[in-house]
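# Secondary and tertiary structure notes
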Amino acid sequence: MAEKPMESPVLSEKDVLIAVMGLTGSGKSTFINLATQSPNKLQVGHSIQSCTDRVERADSFDLAGRRIVLFDTPGFDDTNKSETEILRIIAFELEKQYRKGRTLHGIIYVYRISDVRVGGLAKTNFGIFRKLCGDTSLKNVVIVTNMWSRLSTEEEGLRRVDELIGLDDFFKPAMAKGAVMMHHKKDTVDSAHGILRQILQNHPIALSIQTEIVDQHKTITETGAGMALDDKLALLAQQYERKLKEQFEAAEEARRERDEETRKEQLEEAERIRKLLEKLEEEKRNQARQYQLLQEQFAEAERKREQALREVEERGRREARAAEDRLRQHLDANERLRMQETADLEERMRSMPISPSRSRPSHSPRHGVIVSGRSYAMFNQEHESYYATLDQNEERREYLLLNFLSHGLTNENSSYHGNPIGSRKSSSTAKARLGTAFYGQFNQ
């Protein structure tokens, strides 16, 4: 089964987070798949073998205008992992969410109504579940009975419900603290969503194990759930020790009776129990250390994530500054180019000669005569040449009518090196049509 990324898509503070818990094979994954109607189904087991050995987040979906996110959890009776490992997995995921400011709106505890009797395993595991939640958050717990289709009659199920809620060492204490029981009688989407709507009315509350680890800085073995599990493991260790003693006694009895085959079998069973006892003791000793390693790994991962975010932000700032610098340089370059072109244009204007007529004027024209608008004319006595600007009208016809050039400079044979010029004579007035300035050499 491929592991799903736990943080994609990103959860928001408005999401409704709901954990689904219960024994292995109780129908947790089936319930989630039915509720989400997602094509990305969680793997469902059809035997006593567990299919969920980690906390898995199902695809989110909308219900009553809210975004729902369901978490599938392994059971404490998981066939692949020990109870200490399961507690470590569940507690660590709850701690991560709590450190990020997220708390559960509720927990669904799934129970098979088809079970003929309530075994010691179910009672013990529900006791650990109660300690994990704490008395305050039990009001956000919904105990869901399912697998009603396996009963011969609905009346049989209702009778079992009465028995369940009356057991002092099972559901009764939790319901006395506010937990409610609902029945998933039909495997329909409406039935599943009806249960979820009940949880939508809740206010998110931190679980006891979250506040104990994060706020009270307890080790996992010091939490209520951890101590409840230790008590269970202590009883299990006592059972192993008693069985180990019985096996050794049976082996000794077989030796006295010279029953070597039985003696060998008893010793093999004793060795198996001894290894189980050693493993149990080792798990108890290492529980706190293993959880601490998980916390350290998570802290290191968070440090790297935050560092990566800072680097991305810094890179973005550097790129923005570089873009601003490039834009400023581009604008400065354009401004310098414009100023240079203006200077070059003015220089060309000052150095453009306009040849006088073959017959010199009877009098010298004035220097720097303003004609009109942006047009002006100057006479260079040293080179006997005129400097002028020519303004162009809409029809690209230009006129240079200068009163001090009326002594024969403008005539029908005049030409302008550049754009064609049409000109006309005038004896007294000077006027230039306004437009775009053109510069060139005007020859008679």
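Residues numbered from 1 in each chain as written. Predicted model: local features only at pLDDT ≥ 70, side-chain atom pairs only at ≥ 80, totals over all residues. Heavy atoms only, no water.

## So, the packing of aromatic side chains
- Inspection of the entire model under this criterion finds ten aromatic pairs.
- On the basis of an interplanar angle of 80° and a centroid distance of 4.9 Å, the ring pair of tyrosine 109 and phenylalanine 126 is categorised as edge-to-face. Residue tyrosine 109 is found in strand 5 (residues 106-112), and its partner phenylalanine 126 is found in helix 3 (residues 120-133); the two are separated by 17 residues along the sequence.
- The exposure class of tyrosine 109 is buried, given its relative accessible area of 4%.
- On the basis of an interplanar angle of 90° and a centroid distance of 5.5 Å, the ring pair of tyrosine 111 and phenylalanine 171 is categorised as edge-to-face. Here tyrosine 111, found in strand 5, pairs with phenylalanine 171, found in the loop between helix 4 (154-165) and helix 5 (172-176); they are 60 residues apart in sequence, far enough to count as distant.
- Overall, the relative accessible area of 0% leaves phenylalanine 171 in the buried class.
- Cluster of aromatic residues (ring-pair linked, three or more members): Tyr109, Tyr111, Phe126, Phe129, Phe170 and Phe171. (Phe/Tyr/Trp six-rings, centres within 6.5 Å; stacked < 30°, edge-to-face > 60°. Helix = DSSP H or I, 4+ residues; strand = E, 2+ residues; numbered from the N terminus. Buried < 20%, exposed > 50% of the residue type's maximum accessible area, 1.4 Å probe, protein only.)

## Here's the deal with helix 8 (residues 224-256)
- In this model, helix 8 (33 residues) spans 48 Å end to end at C-alpha, consistent with the 48 Å of a helix rising 1.5 Å per residue.
- Note on helix 8: the residue one or two positions beyond its end, arginine 258, has a positive phi of about 60°. (Expected span 1.5 Å × (residues − 1).)

## A word on empty space enclosed by the protein
- Considering all chains together, one arrives at six cavities of 30 Å³ or more under this definition.
- Space inside the largest cavity adds up to approximately 100 Å³.
- Lining the largest cavity are Ala19, Met21, Val55, Phe71, Thr73, Ile90, Glu93, Leu94, Gln97, Leu104 and Gln210.
- Taken together, the residues that form the lining of the largest cavity break down as seven nonpolar, three polar and one charged.
- In this model, the second largest cavity occupies a volume close to 80 Å³.
- Taken together, Met21, Gly22, Leu23, Thr73, Pro74, Gly75, Phe76, Ile90, Tyr109, Asn125 and Phe129 form the lining of the second largest cavity.
- Of all the elements in the fold, those that place two or more residues in the lining of the second largest cavity are strand 1 (16-22) and helix 3.
- Of the residues belonging to the lining of the second largest cavity, the class tally is seven nonpolar, four polar and no charged. (1 Å grid on protein atoms, 1.4 Å probe; cavity = no way out; pocket = protein on both sides within 12 Å on 5 of 7 lines; lining within 4 Å. Points joined across faces, edges and corners; volume = space filled by probe spheres on them. Nonpolar A, V, L, I, M, F, W, Y, C, P; charged D, E, K, R; others polar.)

## Notes on the confidence of the model for the protein
- In the predicted model, the protein carries a mean pLDDT of 76, and the fraction of residues at 70 or more is 74%.
- Across residues 1-8 the pLDDT falls below 50, and counting only partners more than four positions away or on other chains, this stretch makes 20 contacts in the model.
- Segment residues 355-444: pLDDT under 50, and 178 contacts once partners within four positions in sequence are set aside and those in other chains are kept. (pLDDT = per-residue confidence, 0-100. Contact = heavy atoms within 4.5 Å.)

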